[in-house]
There are 2 protein chains.
Amino acid sequence: MHKTLIALSALLAASPALPQASAAIASGKAQPSPLAPSEIVAQSPKADWAGIAASDLLVMDLAPDAKGKPRRVVIQLMPAPFSQGWIGNIHKLAAARFWDGTAVNRVQDNYVVQWGDPNADDKAKAKKLPEGLAVIPESEYEHIVFPGNRDVVITKVENSFKDNYSESAAFESGWPIGYGTITSDGAFHNWPVHCYGMVGVGRDLSPNTGSGAELYVVIGHAPRHLDRNIALVGRVIEGIEHLSSLPRGHGALGFYDLAQGDERTGIVSIRLGNEVKDLPTYEYLSSESRSFAKYADARANRRDAFFIRPAGGADICNIPVPVRRVK
Amino acid sequence: MHKTLIALSALLAASPALPQASAAIASGKAQPSPLAPSEIVAQSPKADWAGIAASDLLVMDLAPDAKGKPRRVVIQLMPAPFSQGWIGNIHKLAAARFWDGTAVNRVQDNYVVQWGDPNADDKAKAKKLPEGLAVIPESEYEHIVFPGNRDVVITKVENSFKDNYSESAAFESGWPIGYGTITSDGAFHNWPVHCYGMVGVGRDLSPNTGSGAELYVVIGHAPRHLDRNIALVGRVIEGIEHLSSLPRGHGALGFYDLAQGDERTGIVSIRLGNEVKDLPTYEYLSSESRSFAKYADARANRRDAFFIRPAGGADICNIPVPVRRVK
């Protein structure tokens, strides 16, 4: 086990000045491509895509827009082992129709859109939460990995990116994940990170961790300082523009201030995907696939016609995981 | 000179795993603060703020919104030595009233809002550009620094951040700047970087670099792969919400597609600040001030009540430079 520790430390210390998006390239897994990232995605074989179960989706229907057009936002919930306590609560809240008739209450530019019961802080008016919601401890903001064998650790680090907020960062099953340092018992921590479109759980001051009744989505530069300070439960995979283009709130922290003429956007319903009729099926480009390695390399090294100088690296949040409707 | 090179390389190699936002703290220039970044800014002495000349502002008035409310966007143009050729063109375009009656033509979610003549590509309909616009070479995407003495270089690097898109990054005169490696003649390159709110110059394929007639602003996660591939000329300091909350376009790359029901937002006028009556005076928190060092440290290490775990680092684009109206 001690040898594993040394090997990992050496690998981390040897991490080059620029991120390792091209590690897969260097090892011969994929060839540099002059294609744009979108072209690589369009040409990727069907086998490189992974389906998303309808039961892992949360479907939010906002009130129609000023022209009467429907506004649907589709959220993919995180898979185990991350944030499962809050996600269990979200299942209960959706089953109880808790969010029906609630609203978007906060839109802060370059930060978040937040929704839930606008009267949550007023005991007389607050909606009743369903019975049996779990209280989740702060320790659940991250997950402890016991890699078991050295190859697993080396593979993770080989495919990781240099990161300003963690020892390194990488994609796992299509999600952006931060890694901590390995501890003396051979374990290390990992956790989902706050990229654009990620969905988290609003909370009060510590030790409160939020129930899941109040949710937010990132609509600006990745606020990575929130990592491990608040629970992430998913990401928007379709319709984020219905949230990111909402008017910004004029109150403190971008909360809507009705006295200043702000108007909340109503939420008609939020349902789990398996309760929604005629919902399309979605799939994501597997982050373990050869196509994803080529795509990530092309995001870090743009070689398509518009670019005169490839960056030679990328921030993990500048490599959004491709998601599409199954044709 | 050779000794300087070694010293710089050593400093760069010794850069710790997490960014050096707290370099000023470690050297005793500022003490760690439990205040929120916004509180540090609010309490900073007047002497730590630097005024912005009205002639360095570009004021864009959009058509009023659906409720008849005015929509003004204020842009600060970059100071020398960066992008001055394009900025000279922008002065000429504003003086010629070129943008009056043009429109916002593109809004791509998590990327950019772009404006200019919607008929620019149609020779029969395109607005005539003013005479005498300069053609700027691609070499102007970056600037070459001859530091002259070792102390200047060391100070720059000491206050720099680890960065995924450059050797290191730092603030200079209130702007986020990337640095390249030092060359054998003791020079190094620096260039402005694409953070949220930065304004750049649309262009055609290389070697075209754009005239400045078509401008865009970043409204999503920092698209740093554009650094040194396209000219940056400024940043929005007020009113970005009038652009970031516009409806997203349904055409390719988020361009508005009128056939799909998209509607452009009209531009009433764009003027230099010194031509605008009753414009407020603006100032920015000097990036060379003690208050800024404390603010940047607090952005990288949140110690205010909401946070349970300071990040220990920050992306340069997650440290927006505070700008305010002079009281």
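Residues numbered from 1 in each chain as written. Chains lettered and ligands numbered in written order. Predicted model: local features only at pLDDT ≥ 70, side-chain atom pairs only at ≥ 80, totals over all residues. Heavy atoms only, no water.

Student: Just give me the short version of the overall build of chain A, but keep the residues and values in it.
Tutor: Regarding its fold elements, chain A presents seven helices and 15 strands. When burial is assessed residue by residue, chain A has 55% of its 327 residues classed as buried. Restricting to contacts in chain A with at least 6 residues of sequence separation, those with at least 24 account for 70%. Surface accessibility of chain A: about 13600 Å² in total, with carbon and sulfur atoms responsible for 54%. (Helix = DSSP H or I, 4+ residues; strand = E, 2+ residues; numbered from the N terminus. Buried < 20%, exposed > 50% of the residue type's maximum accessible area, 1.4 Å probe, protein only. Contact = heavy atoms within 4.5 Å. Areas by Shrake-Rupley, 256 points an atom, 1.4 Å probe, with all protein chains shown as cover.)

Student: Could you give an account of the relation of the copies chain B and chain A, naming the residues involved and the relevant values?
Tutor: Superposition of the two copies of the chain requires a rotation about an axis and a shift along the axis. In screw terms, the move from chain B to chain A is a rotation of 180° and a rise of 0.0 Å along the axis, fitting with an RMSD of 0.0 Å. What we have between these two chains is a two-fold relation. The overlap is high: 98% of the interface residues of chain B also sit at the interface in chain A, so the same surface is used on both sides. (Least-squares fit on C-alpha atoms with pLDDT ≥ 70 in both.)

Student: So, the state of the cysteines: which residues are in play, and what are the values?
Tutor: A covalent bond between the sulfur atoms of two cysteines is referred to as a disulfide. Residues and elements named next belong to chain A. Going through the model one piece at a time under the given rule, you end up with two disulfides over all chains. Across a sulfur-sulfur distance of 2.1 Å, cysteine 195 and cysteine 317 are joined as a disulfide pair. On the S-S bond that ties cysteine 195 to cysteine 317, the torsion sits near -75°, and the link is left-handed. Taken as a pair, cysteine 195 in the loop between strand 9 (188–192) and strand 10 (198–201) and cysteine 317 in the loop between helix 7 (290–300) and strand 15 (323–325) lie far apart in primary sequence, 122 residues in all. For cysteine 195, a relative accessible area of 7% gives the class buried. (Disulfide = S-S within 2.5 Å.)

Student: Break down the sheet that holds strand 15 of chain A for me, citing the residues and quoting the values.
Tutor: All names here are of chain A. Taken in spatial order, the three strands line up as 1-14-15 in an open sheet, and their pairing is antiparallel. What marks the edges here is a single partner per strand, and that holds for strand 1 (49–52) and strand 15. Averaged over all neighbouring strand pairs, the angle between strand axes comes to 35°, with direction disregarded. Bridge analysis of strand 1 against strand 14 (residues 282–285) gives four bridges, and the strand direction is antiparallel. Bridge pairing in strand 14 links glycine 51 to glutamate 283. (Pairing = 2+ DSSP bridges. Axes fitted to C-alpha atoms, helices over the stretch in contact; angles between N-to-C directions.)

Student: So what's going on with the packing of aromatic side chains? Which residues, and what values?
Tutor: The description of an aromatic ring pair rests on the distance of the ring centres and on the angle between the ring planes. All names here are of chain A. For the structure on display, the rule yields 13 aromatic pairs over all chains. A ring pair is formed by tryptophan 86 and tyrosine 141, whose centres lie 5.6 Å apart and whose planes are at 10°; its orientation type is stacked. With tryptophan 86 in helix 4 (residues 84–95) and tyrosine 141 in the loop between strand 5 (112–116) and strand 6 (143–145), the pair connects residues that are 55 residues apart, well separated along the chain. In this pair, the class of tryptophan 86 matches that of tyrosine 141, namely buried. Judged by centre distance (5.5 Å) and plane angle (85°), the rings of tyrosine 179 and phenylalanine 188 are edge-to-face. By the burial criterion, tyrosine 179 is buried, and phenylalanine 188 matches it. Among the aromatic side chains, those forming a connected cluster through ring pairs are Phe161, Phe171, Phe292 and Tyr295. (Phe/Tyr/Trp six-rings, centres within 6.5 Å; stacked < 30°, edge-to-face > 60°.)

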